[in-house]
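Structural description and commentary
Spelled out, the chains give:
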Amino acid sequence: MNPATEGATAQRAAVGRASASAGFADLRDEVEVASLPLTGAIPDWLTGSLVRVAPAQWDVGERTLNHWFDGLAMLHRFQISAGAVSYANRFLQTESYRAARDSDRIQFSEFASDPCRSMFKRVQAMFSPTLSDNTNVNLTRLGERYIAMTETPIAVQFDARTLDTVGVAYEAPGQLSTAHPHGRRGDGAMLNYAARLGPRNKYRFFVLEPGAREPRTVASLPVSEPAYMHSFGLTERFFVLAEFPYTVNTFKLATSGRPYIENYSWHAERPTRFQLVDRDSGELVRSFETDACFAFHHVNAYESGERVIVDICAFEDASIVTELYLGRLRSGAAVTALPHLERFELDMATGAVTRERISDASIDLPRINYSRNNERPYRHVWGTGFDGASGWFDEIVAIDVEERTAARWSEPGCYPGEPVFVAAPNARAENEGVLLSVVFDAERGTSFMLALDSQTLTEVARAEVPHHIPFGFHGQFACA
């Protein structure tokens, strides 16, 4: 590449990073729109609601929350019916949100932000914590209940029709949990993980029945320095725990005076450890070790003879956590840590681990045909990706894990969020249906709901929202 071309490419990348930064601006208005402007045609069979939860406000009084993950939670609902799309958004009326709104101050500790506290208050908060209920990461349906979650143990129930906040849905058995539970086949019970911190730290797996309010612990493993884990894997027999060497000394966590995530340290010399826990007995079956890596999201896991297959969107290290600080993102600084779909084959007979990169395409925020293929062999995964030039997620990626091929959707100046897969009625193929994504159009300064054919990534329709929707994480589609 000659110097002139290199300069032009660098300039376009800088413009792209600057335009993407507008996706981290606060959204404070709550609106209802009966019918969004629509181009294309929504499939006749697609009826229901895409509901997403996302951070929407980072500026509180004279302070700004430190990290993308810290923003106050807002619900967004796209109701699809008879080929039309309506929209509404509302803040979750959590204690964290109300306290910030009423006092104009940050009152609860978040992922990387903390109110000013004395040493006594910090130690007290560690062992008798007042935990944030700012559930801005993901949501799920448990029976007839809709629940928003984050990495604290407090989950918040809401009304999916009105977006009204109902109250605390349950509390996980620990100080940390995940916003990525699994559903148990047959009865739809929630399976999830929690970390109990204290003099004796423990990893716990728990189950919450559809009508229950109290979770039941089904497995417990001791651990000296807990690892940061955003999700976990599930096979028909095993809970799959991936411990990346990004760990915390819980005594220092209680006394350091730093926000939660800043107490974790990356240990490149340590291995990544996979632990398989029997779902029925709760016993640890076997541990495996491989080279250090880091991830937020498991994609899928399943058993194949004497092997357990674990697919993860993996980073080389945990530097992505630092790259997602809000000041960097709002300034237009590039995110350079790229996630890739990697397969870890755990050999039950020998204890060996084989690691393979399935595709060179970057991908995160992954989705599969969950009801059909979770815990089972699968072929298709969708997510968001980027090649590093724009510095932010600017494409939707589809990877065929059998053929090891990747397809992409992108549009200049547009930054898509997680693509939610909705299977077509009576679909025969695993990937037959549509993908629904919320896309920020930086040139217009607004967002739209995008519908793609999930097999070809061709556009089916888009519904324009009258404002921007800040970059968020996850959502779910519920049939009407």
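Quantities reported herein were computed from a predicted structural model and do not represent experimental measurements.

Here we come to the pairing of strand β26 (residues 353–362). Along any regular strand, the residues point their side chains to alternate faces of the sheet. In terms of strand pairing, strand β25 (residues 340–347) meets β26 through 6 bridges, oriented antiparallel. Paired with Arg343 across the bridge in β26 is Glu356. From the end of β25 to the start of β26, which pair antiparallel, there are 5 residues, and Gly351 there has a positive phi angle of about 85°.

Each pocket or cavity is described by its volume, and for the largest pocket that value is around 1400 Å³. Forming the boundary of the largest pocket are 48 residues, of which Thr140, Arg367, Tyr370, Ser371 and Gln476 lie nearest the centre. Secondary structure elements with two or more residues in the lining of the largest pocket: β8 (138–142), β13 (182–183), β17 (233–234), β23 (294–304), β27 (364–367), α7 (370–373), β32 (420–423) and β36 (474–479). Counted by class, the lining of the largest pocket contains 24 nonpolar, 18 polar and 6 charged residues.

Turning our attention to the packing of aromatic side chains. All told, the structure shown has 37 aromatic pairs when counted by the stated rule. Each ring, one from Tyr146 and one from Phe158, has its centre 6.1 Å from the other, and the planes form 45°; the classification is tilted. Of this pair, Tyr146 sits in strand β9 (residues 145–149) while Phe158 sits in strand β10 (residues 154–158), placing them 12 residues apart in sequence. Tyr146 gets classed as buried once you look at its relative accessible area, which sits at 16%. Above the face of the Phe448 ring, Arg462 is positioned so that its terminal group lies 4.2 Å from the ring centre.

A separate point is the pattern of salt bridges. A complete count under the given rule lists 31 salt bridges for this structure. Salt-bridge contacts for Arg184 lead to Glu209; the nearest nitrogen and oxygen are separated by 3.1 Å. With a gap of 25 residues between them, Arg184 in the loop between β13 and β14 (190–196) and Glu209 in the loop between β15 (202–208) and β16 (216–222) connect regions that are remote in the sequence. We classify Arg184 as partly exposed; its relative accessible area is 24%. One salt-bridge network, held together by shared partners, links Asp26, Arg28, Asp59 and Arg330.

Now for the environment of Ile396. In this structure, Ile396 sits in strand β29 (residues 395–400). With 15 residues separating them in the primary sequence, Ile396 and Glu411 have C-alpha atoms 9.9 Å apart. Beyond its immediate sequence surroundings of up to four residues, Ile396 is in contact with Gly383, Ala407, Arg408, Trp409, Pro416, Pro419, Leu435, Ser437, Leu450, Leu452 and Leu457.

Since one α-helical turn is 3.6 residues long, residues separated by three or four positions face the same way. Among all positions in helix α2 (residues 95–103), only Ser96, Tyr97 and Ala100 are buried. Along α2, the residues classed as buried sweep out an arc of 100° about the axis, all on the same side. Looking at the buried residues of α2, the elements they touch are β3 (48–57), β4 (59–60), β6 (72–81) and β7 (84–91). Taken from the residues just after α2, Asp104 is the one with a positive phi, measuring 60°.

Criteria and cut-off values
- Residues numbered from 1 in each chain as written.
- Predicted model: local features only at pLDDT ≥ 70, side-chain atom pairs only at ≥ 80, totals over all residues.
- Heavy atoms only, no water.
- Pairing = 2+ DSSP bridges.
- Helix = DSSP H or I, 4+ residues; strand = E, 2+ residues; numbered from the N terminus.
- 1 Å grid on protein atoms, 1.4 Å probe; cavity = no way out; pocket = protein on both sides within 12 Å on 5 of 7 lines; lining within 4 Å.
- Points joined across faces, edges and corners; volume = space filled by probe spheres on them.
- Nonpolar A, V, L, I, M, F, W, Y, C, P; charged D, E, K, R; others polar.
- Phe/Tyr/Trp six-rings, centres within 6.5 Å; stacked < 30°, edge-to-face > 60°.
- Buried < 20%, exposed > 50% of the residue type's maximum accessible area, 1.4 Å probe, protein only.
- Lys NZ or Arg CZ within 6 Å of the ring centre and 35° of its normal.
- Salt bridge = Lys/Arg side-chain N within 4 Å of Asp/Glu carboxyl O.
- Contact = heavy atoms within 4.5 Å.
- Arc of directions from axis to C-beta.

Function cannot be read off these values alone, since they describe shape.
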